[in-house]
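The primary structure of each chain is shown beneath.
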Amino acid sequence: MTAEREKYKKVLAILRGSKPELKGIDLIQDNVIGRIRKGGVKHNPLTEVVENLFAWIYIGWVRRSLVTASVLLVVFFAYQQTMILKGVNDINKREIVTGPDAFTGTYDELDKQVRMLKLTSRGMSTGGLKITEKRIEQLLDSYNELQDKYIDLIRIIEEDPVLKEYIEERLGEDKNKIPNL
Amino acid sequence: MVEQKIIEKCKDGDLQSFRELIESVSPFAFSVAFRVLGDEELAKDIVQDTMVTLWQKLKKINSAGSFKTWLYRIVINKCYDQLRKNKREPGFRPDEKTWELISNHVSERPSSELENEEIARVINLMTGKLSPKQKAVFVLSEIEEMPADEISEITGMSKTLVKSNLYHARKQIGKMLDKYFT
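Given the structure is predicted, the values throughout are model-derived calculations rather than measurements. All residue numbers refer to position in the chain's written sequence, counted from 1. Chain A is the first chain written and ligand 1 is the first ligand written, with later ones labelled in order. Only residues with pLDDT of at least 70 are given local features in this predicted model, and only at 80 or more are side-chain atom pairs given and counted; all residues enter the totals for whole chains, interfaces and linings. Side-chain metrics rest on all non-hydrogen atoms present in the structure, leaving aside hydrogens and water.

A few words now on the overall build of chain A. Secondary structure is summarised from DSSP: a helix means a run of H or I of at least four residues, a strand means a run of E of at least two, and numbering begins at the N terminus for each. For chain A, the count of helices and strands is 7 helices and 0 strands. Secondary structure elements of chain A, listed N to C terminal, follow the sequence α-α-α-α-α-α-α. Each of the 181 residues in chain A was classed as buried or not, and the buried ones make up 14%. In chain A, of all internal contacts separated by at least 6 residues, the share reaching a separation of at least 24 is 27%. Note that accessible areas follow from Shrake-Rupley with a 1.4 Å probe, and for residues the cover is restricted to the protein chains shown. A total of about 15100 Å² of accessible surface is found on chain A, and carbon and sulfur atoms cover 60% of it. Three labels apply to residues, based on accessible area from a 1.4 Å probe with only protein chains included: buried if under 20% of the type maximum, exposed if over 50%, partly exposed otherwise in between. The criterion used for residue contact is that any of the two residues' heavy atoms lie within 4.5 Å.

What tends to happen in soluble globular proteins is that the nonpolar side chains get buried as a cluster. Nonpolar cores were defined as sets of buried Ala, Val, Leu, Ile, Met, Phe, Trp, Tyr and Cys residues, with membership established by side-chain atoms within 4.5 Å. If you look at the biggest cluster of nonpolar residues, it comprises 72 residues, and the most contacted ones within it are F18, M51, L54, M126 and F138 of chain B. The residues contacting M51 of chain B, other than those within four sequence positions of it, are V32 of chain A together with F18, I22, V25, S26, A29 and L71 of chain B.

Close inspection of predicted coordinates is inappropriate in any region flagged by low pLDDT. Counting all residues, the mean pLDDT for chain A is 78, and 71% of those residues have values of 70 or more. Helix α4 (residues 60–93) of chain A holds the highest mean pLDDT among the elements of chain A, 90, whereas helix α5 (residues 107–121) of chain A holds the lowest, 64. A residue's pLDDT is the predictor's confidence in that residue, given on a scale from 0 to 100.

Taken together, the 46 residues of chain B in the interface contact 33 residues of chain A. Computed with a 1.4 Å rolling probe, the buried area is the accessible surface lost when two parts are put together, summed over both parts. Carbon and sulfur atoms make up 61% of the surface buried where chain B meets chain A, a total of about 4000 Å² over both sides. Each reported salt bridge corresponds to a side-chain nitrogen of Lys or Arg within 4 Å of a carboxyl oxygen of Asp or Glu. Across the contact surface, chain B and chain A share 4 salt bridges. Counted as a polar contact is a pair of N or O atoms within 3.5 Å, where, for protein atoms, one must be capable of donating a hydrogen and the other of accepting one, and residues adjacent in sequence contribute only when both atoms are in side chains. Run the count over chain B and chain A and you get 9 residue pairs in polar contact (both at pLDDT 80 or more). When residues of the side of chain B that touches chain A are traced back to their parent elements, those giving at least two are α2 (15–37), α3 (40–57), α5 (96–107), α6 (116–127), α7 (132–143) and α9 (159–180) of chain B.

On to the pattern of salt bridges. Taken as a whole and assessed by the stated rule, the structure comprises 16 salt bridges over all chains. The residue K164 of chain A makes a salt bridge to E158 of chain A at a minimum N-O spacing of 3.6 Å. Here the salt bridges share partners, and the residues they tie into one network are K19 of chain A together with R35 and E144 of chain B.

This part covers the packing of aromatic side chains. Residue and element names in this part refer to chain B. Only Phe, Tyr and Trp rings are paired, with Trp represented by its six-membered ring, and only when their centres lie within 6.5 Å; those with planes under 30 degrees apart are stacked, over 60 edge-to-face, the remainder tilted. On inspection of all chains with the given rule, the structure shows 2 aromatic pairs over all chains. Taking 5.5 Å as the distance between ring centres and 10° as the angle between the ring planes, the aromatic pair formed by F30 and F34 counts as stacked. Residue F30 and its partner F34 are located together in helix α2, separated by 4 residues, close to a single helical turn.

Next comes the structure, spelled out in structure tokens:
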């Protein structure tokens, strides 16, 4: 037997041999009976129902499980909040299109609006500018018309070498006129 | 420990029988509470509260056989509550006088019984560093000499947990004795 165990046994023997003495048992009896008589310890049906229903929360493993579940819920909540905040920040960084620019019509109209969006993303600011749908349609029509005419013009130039040479010459002259910044 | 007859009378609301019941069971309740808490006055309060709770829940007791376990369970639960309240109070402090007291009693042949105040000092010294559960298991198993099955029923812990708490309590106390008790 180790010295540690020997000491342990000796101290235990003293504690086992020394029984605590309860003095004033009469006073305890009187106090308890007094409390019972005062009615402070009447059977409260509500308390009994609650105790019967929820006494299981005093079971150790149930308590531990509840604590674990609460911690997991808090962690999940925190994670969810972080994801929501991240989402909100992403949305903040995006360009917001409001009002008549929002698509509500047919495919053709969508095409026009997409082109309009392309234009705005090339540097045209819409901040503070008020423009009606009709004006936008006019603008898009002009743009389409201009693009068609441009294609026709390019084709005509390509078909006529003399004209092409002339235009290239003129464009070269114009280029030279531009001051070097 | 208690006769079924007295329990039945108490269940019928006979306060005189309950007075007898208090007289017969209070010393056991006090012994456990005092050894777990290491404080005479607190242990007396626990006994009073336990008796009141006993009166309230007497109807749930089916037999005198289960009465003892039932009583100890109430005492231990009230001790846990008390220990939780005392949580912030300082625990173990090496105490020269108490070690001297232990040495004197160990060297006596046969060793004399300790007074309540002395028991409290020794208990507080021994169990000051233990958790409430370890304290309860140590007292019930090592001092009250109850079997693990009964402790498991009283404390609501599994037998494995009882043994584990007892192991840690023994280890902790053993280490301390080895260090301070010469």
